[in-house]
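Each chain is listed here by its residues.
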Amino acid sequence: MTVFRCFLKMVKRNSRMVILYFSIFLTISVCMQLATGGKGMDGFEQESLDLAVIDRDGSVLARELTEYLGRHHHLVALSDDEDAICEALFYRNVVYVVIIPAGYGEGIEDKIQTIKIPGTNSAYYVDQQIGQFLGWVNVLETAGYDGQEIYERAVEADELKTEVGLMDKNGHGGVQAPYAFMFQYMPYIILSIICYVIGSIMIGFRDKEVRRRMECSAMPPRQQNGQLVLGYLVLGAGIWLVCILMPVLLYGKELLTDPNMPLYMANVLAVTLVSLAISFTVGTLVRKEVVLSAVINVIALGMSFVCGVFVSMEVLSKGVRAAAQFLPFYWYESVNQILAMNTGFTQAQERGILEGLGIQGLFAAAILCVGLVLDRYMAEK
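An account of the accompanying structure is given in this report. The structure displayed is predicted, hence computed values, not measured ones.

Okay, the overall build of the chain next. Scanning the chain from terminus to terminus reveals 15 helices and 4 strands. Taking all 381 residues of the chain together, 43% fall into the buried category.

Here it is as structure tokens:
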């Protein structure tokens, strides 16, 4: 087992980098858990913005609209001057200015003017509220209400609260499992560590002097390669085990009692096999450790951004998601997303899980075959 022992020595030489990656990952995970309290989203709270209302009308409708906005936002006193308005928006003293023109309450002027910071999404929030209030007033007038009763009824409608509950399909109140984000980021950690360690080892074993000594030894090439493969598998199993233990240490019984735990383990195992295949192929092509780091960063970061590791797949455009289907990380994340939101699965979801795991296995086999062909070509060359 000379080659295998040498492999383990080289793994030990890269242990600092492995510990560094895992430490950073674990630190971020702990911080995320402390920030969220280990729970998902508990509720929704309306956002209050800094806005100004300039009333040039003075009617009852204008006054009631101002009071309505004041109940939901922070009203900032602002003079009716164009320069003052521009200055307040520029320095972000306000993000939205409502100008109620003279004659608006009498129907002479039928449009409220609004000025907002360009590109501010929160401005649409205020637009919706103004439209909602004026819609209530219009409906109540049509229904035959008049005078102050219209505004009293509008206030009552505004104060109505609706209880909304999420269907609890996963035992976490209908929200994503708190440990799902750890599994979401694992592909990047696994690929980076395995690629760097195995790439460094393969560069060492492919050194001309080392290669010649191995060819001159009494050990046949098949046995040498077998011990190298055993080293790859032991390393992969070790990385897989550590990646499973980290969320268990953080979430303990909550994760261990999750009925999806075996599927989480299988999904991590699948992406580990893919990472081993990628690392073998990269190690076959790269001859210098300086180049190795650059190649690993391009592959790991590229796939992570495109396939939903760093950015949730819901945020990605249809075109990006369509292209990501040709990469293995996409199928890992699709399985992880199903597991995070469900414990009981429909037939379509079961098919999606099996499909994701199977396609990852096919990716691993295909990439490994490419690596073996390249390895043979490089050896003959």
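Another point: the pairing of strand E1 (residues 50-55). Alignment of E1 against strand E2 (residues 74-75), held across 2 bridges, turns out to be parallel. Residue pairing across strands places aspartate 50 opposite histidine 74, the latter belonging to E2. This β-α-β element, E1 to helix H3 (residues 60-72) to E2, shows right-handed connectivity. Sheet topology note: the E1/strand E3 (residues 96-100) ladder contains 5 bridges and is parallel.

There is a patch of like negative charges on the surface, built from Asp81, Glu82, Asp83 and Glu87. On the accessibility criterion, aspartate 83 (58% relative accessible area) is exposed.

Packed helices, taken two at a time, are described by the angle between their axes plus the distance between the axes. Where helix H5 (residues 122-142) contacts helix H6 (residues 148-159), the two axes come as close as 9 Å, and the packing angle between them is 130°. On the basis of their axis angle, the class for H5 and H6 is oblique. For the element pair H5 and H6, the recorded crossing hand is right-handed. Across the interface between the two elements, Phe133, Trp136, Val137, Leu140 and Glu141 of H5 pack against Ile150, Tyr151, Arg153, Ala154, Ala157 and Asp158 of H6. Each residue belonging to the contact of H5 with H6 can be placed in one class, and the counts come to 8 nonpolar, no polar and 3 charged.

Mapped onto the elements, glutamate 152 comes out in helix H6. Along the chain, glutamate 152 and glutamate 64 lie 88 residues apart, while their C-alpha atoms are 9.6 Å from each other.

Moving on, we come to the nonpolar core. In terms of nonpolar packing, the biggest core is built from 73 residues, with Phe183 and Ile239 touching the most fellow members. Mapped by element, the contributors of at least two residues to this core are helix H1 (2-13), helix H2 (15-36), helix H7 (180-205), helix H9 (221-251), helix H11 (261-285), helix H12 (289-306), helix H14 (328-341) and helix H15 (347-380). Among the elements that take part in this core, H7 stands out by supplying 18 residues, more than any other. With residues up to four places along the chain from it excluded, the contact list for phenylalanine 183 reads Ile244, Pro247, Leu255, Tyr264, Val268, Tyr332 and Asn336. The next biggest cluster of nonpolar side chains, apart from the first, holds 32 residues, and it includes Ala88, Ala123, Tyr151 and Ala154.

Side chains that differ in charge, positive against negative, can pair when their charged atoms come close. Under the criterion given, the structure shown has 3 salt bridges. Arginine 56 is paired through a salt bridge with aspartate 80; the nearest N and O atoms lie 2.9 Å apart. Here arginine 56 is found in the loop between E1 and H3, whereas its partner aspartate 80 is found in the loop between E2 and helix H4 (82-90), with 24 residues between them in sequence. Judged by relative accessible area, which is 39%, arginine 56 ranks as partly exposed. For aspartate 80, a relative accessible area of 44% translates into the label partly exposed. Among the salt bridges present, the one from arginine 153 reaches glutamate 149, with a minimum N-O distance of 3.8 Å. With arginine 153 and glutamate 149 both in helix H6 and 4 residues apart, the pair spans about one turn of that helix. Given the relative accessible area of 33%, glutamate 149 is considered partly exposed.

Take the packing of aromatic side chains next. Evaluation of the coordinates by the stated rule reveals 11 aromatic pairs. Here the aromatic rings of phenylalanine 181 and tyrosine 185 are separated by 6.4 Å at their centres, their planes lie at 70°, and the arrangement is edge-to-face. Here phenylalanine 181 and its partner tyrosine 185 are both found in helix H7, 4 residues apart, which amounts to about one turn of the helix. Taking the relative accessible area as the measure of exposure, tyrosine 185 reaches 25% and is therefore partly exposed. Among the aromatic side chains, those forming a connected cluster through ring pairs are Tyr179, Phe183, Tyr251 and Tyr264.

The subject of this paragraph is a nonpolar patch on the surface. Taken together, the side chains of Met1, Leu8, Leu230 and Val234 present a nonpolar region at the surface, about 320 Å² in accessible area. Examined against the element boundaries, leucine 230 turns out to sit in helix H9.

Before going further, it helps to spend a moment on H12. For an α-helix the count is 3.6 residues per turn, leaving residues at separations of three or four pointing the same way. For H12, which comprises 18 residues, the first-to-last C-alpha distance of 26 Å matches the rise-based estimate of 26 Å (1.5 Å per residue) to within 8%. The set of residues buried in H12 consists of Leu292, Ile296, Ala300, Met303 and Ser304. Angular distribution of buried residues about the axis of H12 spans 100°; they occupy a single face of the element. Opposite the buried face of H12, by more than 90 degrees, sit the exposed residues Val290 and Val298. One or two steps after H12, the chain reaches glycine 308, where phi turns positive at roughly 90°.

Rules used in this analysis
Residues numbered from 1 in each chain as written. Predicted model: local features only at pLDDT ≥ 70, side-chain atom pairs only at ≥ 80, totals over all residues. Heavy atoms only, no water. Helix = DSSP H or I, 4+ residues; strand = E, 2+ residues; numbered from the N terminus. Buried < 20%, exposed > 50% of the residue type's maximum accessible area, 1.4 Å probe, protein only. Pairing = 2+ DSSP bridges. Right-handed = clockwise from strand over helix to strand, strands pointing away. Patch = residues over 30% accessible without salt bridge, like charges linked within 9 Å, V, L, I, M, F, W, Y side chains within 5 Å. Areas by Shrake-Rupley, 256 points an atom, 1.4 Å probe, with all protein chains shown as cover. Salt bridge = Lys/Arg side-chain N within 4 Å of Asp/Glu carboxyl O. Lys, Arg positive; Asp, Glu negative; His and termini not counted. Charge placed at Lys NZ, Arg CZ, Asp CG, Glu CD. Axes fitted to C-alpha atoms, helices over the stretch in contact; angles between N-to-C directions. Parallel < 35°, antiparallel > 145°, perpendicular 65-115°, else oblique. Left-handed = near helix turned anticlockwise from the far one by under 90°. Contact = heavy atoms within 4.5 Å. Nonpolar A, V, L, I, M, F, W, Y, C, P; charged D, E, K, R; others polar. Core = buried A, V, L, I, M, F, W, Y, C linked by side-chain atoms within 4.5 Å. Phe/Tyr/Trp six-rings, centres within 6.5 Å; stacked < 30°, edge-to-face > 60°. Expected span 1.5 Å × (residues − 1). Arc of directions from axis to C-beta.

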